[in-house]
Amino acid sequence: MSTPQVGDVLPTIQVRITRECLVRYAGASLDFNLIHWNERFAREVGLPDVIAHGMLTMAIAGRVATEWGGELVDYSARFTRPVVVPDDDKGALVEVSGKVGAVNDDGTVRLDLTAVFDGKTVLGKPVAVVRPRS
């Protein structure tokens, strides 16, 4: 990897989240909240349909950082909009991109990420700090 520069653009990834993904994530995380699998309940609480787990969305966005950079030192984001997952074979398409926001004195790199679903960002200020591979 060449020396990162502020403004460098990271490769974009596209990930489809299906209902099967939600079931697998619920089992792995032990997060069985009804809004992630029960359409009737999700609608009763005002959602348009079942939604992806926020931490699943955040993990998907984090892949851009780890696939680009190496060791993840710090990572944060806010959950701003849900990723609605339809009951079909296509699922919900999440597109994640990023750029180098800062090269720190300690050799780490701040990556400013963007996660988009249905034309809107779904994470607020997702920022990853990575230690690039040598």
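Residues numbered from 1 in each chain as written. Predicted model: local features only at pLDDT ≥ 70, side-chain atom pairs only at ≥ 80, totals over all residues. Heavy atoms only, no water.

**Student:** In this structure, what is going on with the nonpolar core? I would like to understand it.
**Tutor:** Side chains that are nonpolar tend, in soluble globular proteins, to be buried together. Ile17, Val83, Val85, Val96 and Leu111 are the most contacted members of the largest nonpolar core, which has 34 residues in total. Mapped onto this core, the elements with two or more residues apiece are strand E1 (13-17), helix H3 (54-69), strand E3 (92-103), strand E4 (109-117) and strand E6 (123-132). The leading source of residues in this core is H3, at seven residues. Among residues more than four places away in sequence, those in contact with Ile17 are Leu22, Ala52, Leu56, Ile60, Val83, Val85, Gly91, Ala92 and Val94. (Core = buried A, V, L, I, M, F, W, Y, C linked by side-chain atoms within 4.5 Å. Buried < 20%, exposed > 50% of the residue type's maximum accessible area, 1.4 Å probe, protein only. Helix = DSSP H or I, 4+ residues; strand = E, 2+ residues; numbered from the N terminus. Contact = heavy atoms within 4.5 Å.)

**Student:** What is the right way to look at H3 in this model?
**Tutor:** Owing to its 3.6 residues per turn, the α-helix brings residues three or four apart onto one side. A rise of 1.5 Å per residue sets the reference length of H3, with its 16 residues, at 22 Å; its end C-alpha atoms lie 23 Å apart and thus fit the reference within 8%. The principal kink in H3, of about 25°, is found at Gly62. Looking only at H3, the buried set comprises Leu56, Thr57, Met58, Ile60, Ala61, Gly62, Val64, Ala65, Trp68 and Gly69. Residues of H3 that are buried sit in contact with E1, helix H1 (19-29), strand E2 (70-79), E3, E4 and E6. At the C-terminal side of H3, Gly70 shows a positive phi close to 120°. (Expected span 1.5 Å × (residues − 1). Bend = angle between axes of the 7 residues up to and from the residue.)

**Student:** Looking at this model, I keep getting lost on the pattern of salt bridges. Mind explaining?
**Tutor:** When the charged atoms of two side chains with opposite charge come close together, those side chains can pair. Using the criterion set out here, one finds nine salt bridges in the structure. A salt bridge links Arg43 to Asp49; the shortest N-O distance between them is 3.8 Å. Close ionic contact of Asp112 with Arg110 constitutes a salt bridge, the shortest N to O distance being 2.9 Å. Asp112 sits in the partly exposed class, given a relative accessible area of 22%. Connected through salt bridges with shared partners, the residues Arg19, Glu39, Arg43 and Asp49 form a single ionic network. (Salt bridge = Lys/Arg side-chain N within 4 Å of Asp/Glu carboxyl O.)

**Student:** What exactly am I supposed to notice about H1 here?
**Tutor:** Arg19, Leu22 and Ala26 are the residues of H1 that are buried. Viewed end-on, H1 has its buried residues packed into an arc of 50°, placing them on one side of the element. Away from the buried face of H1 by more than 90 degrees, exposed residues Arg24 and Ala28 are located. Those residues of H1 hidden inside the fold are in contact with E1, helix H2 (39-44) and H3. (Arc of directions from axis to C-beta.)

**Student:** How do you make sense of a nonpolar patch on the surface when you look at a structure like this?
**Tutor:** Together, Leu30, Phe32 and Trp37 make up an exposed nonpolar region whose accessible area comes to about 390 Å². For Trp37, the position within the fold is in the loop between H1 and H2. When its relative accessible area of 47% is taken as the criterion, Trp37 is described as partly exposed. (Patch = residues over 30% accessible without salt bridge, like charges linked within 9 Å, V, L, I, M, F, W, Y side chains within 5 Å. Areas by Shrake-Rupley, 256 points an atom, 1.4 Å probe, with all protein chains shown as cover.)

**Student:** What should I look at first to understand the layout of surface pockets in this one?
**Tutor:** Any space left empty among the atoms is revealed by the rolling of a water-sized probe across them. Here the largest pocket defines a volume of roughly 190 Å³. For the largest pocket, the lining is made up of 15 residues, of which Ile51, Ala52, His53, Gly54 and Phe79 are closest to its centre. If one sorts the elements of the lining of the largest pocket by residue count, H3 sits on top with three residues. Residues belonging to the lining of the largest pocket are distributed by class as follows: eight nonpolar, five polar and two charged. (1 Å grid on protein atoms, 1.4 Å probe; cavity = no way out; pocket = protein on both sides within 12 Å on 5 of 7 lines; lining within 4 Å. Points joined across faces, edges and corners; volume = space filled by probe spheres on them. Nonpolar A, V, L, I, M, F, W, Y, C, P; charged D, E, K, R; others polar.)

**Student:** Would you explain unusual backbone geometry in this entry?
**Tutor:** The bulk of non-glycine residues show a negative phi, and the bulk of peptide bonds are trans. The residue Leu30 is not glycine, and still its phi comes out positive at about 65°. Mapped onto the secondary structure, Leu30 falls in the loop between H1 and H2. Judged by its relative accessible area of 66%, Leu30 falls in the exposed class. Its identity is not glycine, yet Lys125 carries a phi of approximately 45°, on the positive side. With respect to the helices and strands, Lys125 occurs in strand E6. Taking relative accessible area as the criterion, Lys125 reaches 66% and is therefore assigned exposed.

Worth remembering: the numbers are spatial, not functional.
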